[in-house]
Amino acid sequence: MCSSDLDRVDRIYKNGGTKAVLDEVNNMKTDYVKSIYLQYLLSTNSLSAADMAEVANDIQSMISSDYEKGRLLESFSSKYLGNAVTAKAFLEAVKSIHSDYEKAKAVKGILHQQLTDEQFTAVIDITNTIASDYEKAGVLTEVIEGNKISSGRFTEVLHASTRIGSDYEKALVLKKVFANGVQVPESVFGETLDAAGAINSDYERAGVLKNLASSDIKSDANWVLLIRATEKLNADYEKGETLRFIAGKMPASDNIKDAFQKAAKTISADYEYGRTIRTLK
């Protein structure tokens, strides 16, 4: 970083304040020098919420480099992101980043706080623009860990997870949401099973189904749907292991038992079938 640039921005700030620096940024040609001036403002840590929103807007519209955008957005103090106007401008700037890595890193800057519904939707929208399964799953897992997941938010996370191609990363997100004690809305229970069914790996799919079995399933109909989904596992071991896990969780109603028996009969290996059917009480 050139000391002459720092000296100059320091003089401009002392003489004219934030507005003078922002006006000067408009006259700069390179991202590098613009970033020096904007970084200077951020380092003062004394900007108003309106100033911070303007800085975020300038980052979005005036900085082309994904690296410079990401570096500047990382400098946003958490005390400013609690302001709705600033947070909105920040998220819009993040969305303008093309690099999956820089975008994922930048958006995580707001995930330390409880998001409003509007911010939650904006974060999910940003996540949906990330092509990398690894980066997308990383953002979603942090969103789940740091926020209360209501029925509406569950649906948003579920839809985002279906955009993940990797079996491992998709299963990671789905298991994470169940691990946080989230109630699966009745209206999307079937859709949740469809998302699990889109996982090709029997091991990963079985893990998701077992996590779903540990959630608070309200109706017999949904237990039957879960058991039928288990039938579609190809490997006898994973199918038997999952059914045995479900047996320890499911209610003892006749229609659920009947569905369980039918699913168990799809196990080809005698040993796995015997172990599984004996768990039925």
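Look up: the structure comes first, before these words.
Residues numbered from 1 in each chain as written. Predicted model: local features only at pLDDT ≥ 70, side-chain atom pairs only at ≥ 80, totals over all residues. Heavy atoms only, no water.

Asker: Describe the packing of aromatic side chains, and please don't skip the residues or the numbers.
Answerer: The final tally for this structure, using the stated rule, is 3 aromatic pairs. A centroid spacing of 5.5 Å and a plane angle of 70° characterise the contact between Tyr13 and Tyr40, whose relative ring orientation is edge-to-face. Pair noted here: Tyr13 is in helix α1 (residues 3-25) and Tyr40 is in helix α2 (residues 31-44), with a separation of 27 residues, a long-range link. A residue is classified by how much of its surface remains accessible, and Tyr40, at 16% relative accessible area, is buried. Ring plane angle 50° and centroid distance 5.4 Å describe the contact between Phe76 and Phe90, whose orientation is recorded as tilted. Within this pair, whereas Phe76 is found in the loop between α4 (66-74) and α5 (78-81), its partner Phe90 is found in helix α6 (residues 84-95), the two being separated by 14 residues in sequence. Neither residue differs from the other here; Phe76 and Phe90 are each classed as buried. (Phe/Tyr/Trp six-rings, centres within 6.5 Å; stacked < 30°, edge-to-face > 60°. Helix = DSSP H or I, 4+ residues; strand = E, 2+ residues; numbered from the N terminus. Buried < 20%, exposed > 50% of the residue type's maximum accessible area, 1.4 Å probe, protein only.)

Asker: Please give an account of the packing of α6 against helix α8 (residues 117-128) that cites residues and values.
Answerer: One can describe the packing of α6 onto α8 by two numbers: an axis separation of 10 Å at closest approach and a directional angle of 5°. Considered as vectors, α6 and α8 are oriented roughly parallel to each other. For the pair α6 and α8, contact is made by Ala84, Ala87, Lys88, Leu91, Val94 and Lys95 and by Glu118, Gln119, Ala122, Val123, Asp125 and Ile126, respectively. Broken down by class, the residue content of the contact of α6 with α8 amounts to 7 nonpolar, 1 polar and 4 charged. (Axes fitted to C-alpha atoms, helices over the stretch in contact; angles between N-to-C directions. Parallel < 35°, antiparallel > 145°, perpendicular 65-115°, else oblique. Contact = heavy atoms within 4.5 Å. Nonpolar A, V, L, I, M, F, W, Y, C, P; charged D, E, K, R; others polar.)

Asker: Tell me what's going on with the layout of surface pockets, and back it up with residues and numbers.
Answerer: Taken as a whole, the largest pocket encloses approximately 210 Å³ of empty space. Together, Ala84, Lys88, Leu91, Glu92, Lys95, Thr116, Glu118, Gln119, Ala122, Asp125 and Ile126 line the largest pocket. Secondary-structure elements contributing two or more residues to the lining of the largest pocket are α6 and α8. Of the residues contributing to the lining of the largest pocket, the split by class is 4 nonpolar, 2 polar and 5 charged. What the second largest pocket holds in volume is close to 160 Å³. As for the second largest pocket, its lining consists of Gly190, Leu193, Asp194, Gly197, Arg205, Leu209, Leu225, Arg228, Ala229 and Lys232. Contributions of two or more residues to the lining of the second largest pocket are made by α12 (189-197), α13 (202-213) and α14 (220-231). Grouping the constituent residues of the lining of the second largest pocket by class yields 4 nonpolar, 2 polar and 4 charged. (1 Å grid on protein atoms, 1.4 Å probe; cavity = no way out; pocket = protein on both sides within 12 Å on 5 of 7 lines; lining within 4 Å. Points joined across faces, edges and corners; volume = space filled by probe spheres on them.)

By themselves, these figures tell us nothing about what the structure is for.
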